[in-house]
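These are the residues of each chain, in order.
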Amino acid sequence: MIIAMGLPGAGKTTVLKNVKSDYVLVNYGDLMFEIEQEHFGIKDRDDMRKLPIEKQKQAQKMVYERLAKMDGKVILDTHCSVNTPSGFFPGLPLDYLKMLKVDSLVLITADVEEVAKRRAEDPTRKRDSDDVALHDNMNRAFLAAYSAATGAPAVIIFNRQGKLEEAVAQFEKILG
Ligand code: AMP
Ligand code: MG
């Protein structure tokens with residue numbers, strides 16, 4: 001499994017949708033949203049990170065149980081850490097990470113001002129206007145921890161404004 005992570009608004013999903021490969025793209029947020037709609041009555045995917053942390057943990061466990069059953073060539077679209085009212089919540093707690101066969105850990109990031117601008121201009125999502133630089137720094141710390149824990153290499157890809165194809169090409173290179 002290739003695990004792709006990034007700040008909300010970094011363009012992670014857009015990069016992944018443009019990658020040409022024989023990998024199956026799995027969106028973690030879609031799985032979690034399904035589970036939280038059913039169990040916690042959540043109606044908007046951007047309300048998930050505001051739920052009490054215990055509920056997010058319960059849903060996260062259920063998502064990982066599903067992910068652990070997936071084998072073959074999978075790219076997982078997820079978050080390195082989630083910015084919740086209780087603090088930065090790890091997207092890949094080590095016990096769950098161990099349940100997956102991780103080949104590569106990829107952080108897709110972008111210039112802080114660009115991310116803030118993309119969030120402000122996205123009418124389809126309820127993006128936060130929080131400290132993007134702090135979250136990006138935390139994500140790098142989590143990325144290093146995930147890499148050290150699994151032995152899988154960590155890759156950072158910059159999705160520069162107007163240079164989507166470059167980010168896509170870098171991602172495709174990882175797939176070999
Ligand atoms: P996205 O559509 O990629 O922004 O993801 C939607 C939401 O899914 C995020 O705001 C989080 O609430 C949740 N989410 C995504 N990945 C994870 C993860 N690894 N652990 C916990 N929650 C996650
Ligand atoms: Mg996304």
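Residues numbered from 1 in each chain as written. Chains lettered and ligands numbered in written order. Predicted model: local features only at pLDDT ≥ 70, side-chain atom pairs only at ≥ 80, totals over all residues. Heavy atoms only, no water.

Draft legend 1. Region of interest: the site of ligand 1. The full set close to ligand 1 counts 15 residues, and Arg45, Gln60, Thr78, His79 and Gly91 are the nearest of them. At a separation of 2.8 Å, an oxygen atom of ligand 1 approaches a polar side-chain atom of Arg45. In the model, a nitrogen atom of ligand 1 is placed 2.7 Å from a nitrogen or oxygen of the Gly91 main chain. Judged by the proximity of its atoms to the pocket grid, ligand 1 belongs to the largest pocket. The greatest single-element share of the shell around ligand 1, amounting to 3 residues, is contributed by helix H2 (residues 28-40). Here the residues of the shell around ligand 1 are counted per class, giving 5 nonpolar, 5 polar and 5 charged. (Near = heavy atom within 4 Å. Polar contact = N/O pair within 3.5 Å; in protein donor to acceptor, adjacent residues only side chain to side chain. 1 Å grid on protein atoms, 1.4 Å probe; cavity = no way out; pocket = protein on both sides within 12 Å on 5 of 7 lines; lining within 4 Å. Sits in = over half its atoms within 2 Å of the grid points. Helix = DSSP H or I, 4+ residues; strand = E, 2+ residues; numbered from the N terminus. Nonpolar A, V, L, I, M, F, W, Y, C, P; charged D, E, K, R; others polar.)

Draft legend 2. Highlighting the packing of H2 against helix H3 (residues 53-68). Contact geometry for H2 and H3: axes closest at 9 Å, N-to-C directions at 125 degrees. In terms of orientation, H2 lies oblique with respect to H3. Our pair here, H2 against H3, has a crossing hand that is right-handed. Counting all contacts with H2, which are made through Tyr28, Leu31, Met32, Glu34, Ile35, Glu36, His39 and Phe40, the residues of H3 involved are Lys55, Gln56, Gln58, Ala59, Gln60, Met62, Val63, Tyr64, Arg66 and Leu67. (Axes fitted to C-alpha atoms, helices over the stretch in contact; angles between N-to-C directions. Parallel < 35°, antiparallel > 145°, perpendicular 65-115°, else oblique. Left-handed = near helix turned anticlockwise from the far one by under 90°. Contact = heavy atoms within 4.5 Å.)

Draft legend 3. Fine view of the side chain of Asn27. If you trace the backbone, Asn27 turns up in strand S2 (residues 24-27). By relative accessible area, Asn27 is classed as buried at 18%. At 3.0 Å, the side chain of Asn27 and the backbone nitrogen of Asp30 are in polar contact. Those residues within four positions of Asn27 in sequence are excluded, and the remaining contacts are Thr13, Arg45 and Asp77. (Buried < 20%, exposed > 50% of the residue type's maximum accessible area, 1.4 Å probe, protein only.)

Draft legend 4. Spatial organisation of the pairing of strand S5 (residues 87-90). For strand S4 (residues 81-84) and S5, the ladder comprises 4 bridges, and the chain directions are antiparallel. Bridge pairing links Asn83 to Phe88 in S5. Counted along the chain from S4 to the antiparallel partner S5, the turn is 2 residues long. (Pairing = 2+ DSSP bridges.)

Draft legend 5. Region of the structure containing the packing of aromatic side chains. Within the structure shown, the criterion is met by 3 aromatic pairs. Ring pairs connect the aromatic residues Tyr28, Tyr64 and Tyr96, which therefore count as one cluster. (Phe/Tyr/Trp six-rings, centres within 6.5 Å; stacked < 30°, edge-to-face > 60°.)

Draft legend 6. Spatial organisation of the environment of Ser21. Among the structural elements, Ser21 can be located in the loop between helix H1 (12-18) and S2. According to the relative accessible area criterion, Ser21 is partly exposed, its value standing at 36%. Through-space distance from the C-alpha of Ser21 to that of Thr109 is 21 Å; in sequence the pair is 88 residues apart. Ser21 has contacts with Ile75 and Leu175, leaving out every residue within four places of it along the chain. Polar side-chain contacts of Ser21 include one of 3.1 Å to the backbone nitrogen of Tyr23.

Draft legend 7. Expanded view of the pattern of salt bridges. Inspection of the entire model under this criterion finds 18 salt bridges. We note a salt bridge from Arg45 to Asp30, for which the minimum N-O separation is 2.8 Å. Here Asp30 lies in helix H2 and Arg45 lies in the loop between H2 and H3, a separation of 15 residues in the sequence. The salt bridge involving Arg140 is made with Asp136; its shortest N-O contact spans 3.0 Å. Residue Arg140 and its partner Asp136 are both found in helix H6 (residues 132-150); the two are separated by 4 residues, about one turn of the helix. By relative accessible area, Asp136 is classed as buried at 6%. The structure contains a network of salt bridges with shared partners spanning Asp46, Arg49, Lys50, Arg125 and Asp128. (Salt bridge = Lys/Arg side-chain N within 4 Å of Asp/Glu carboxyl O.)

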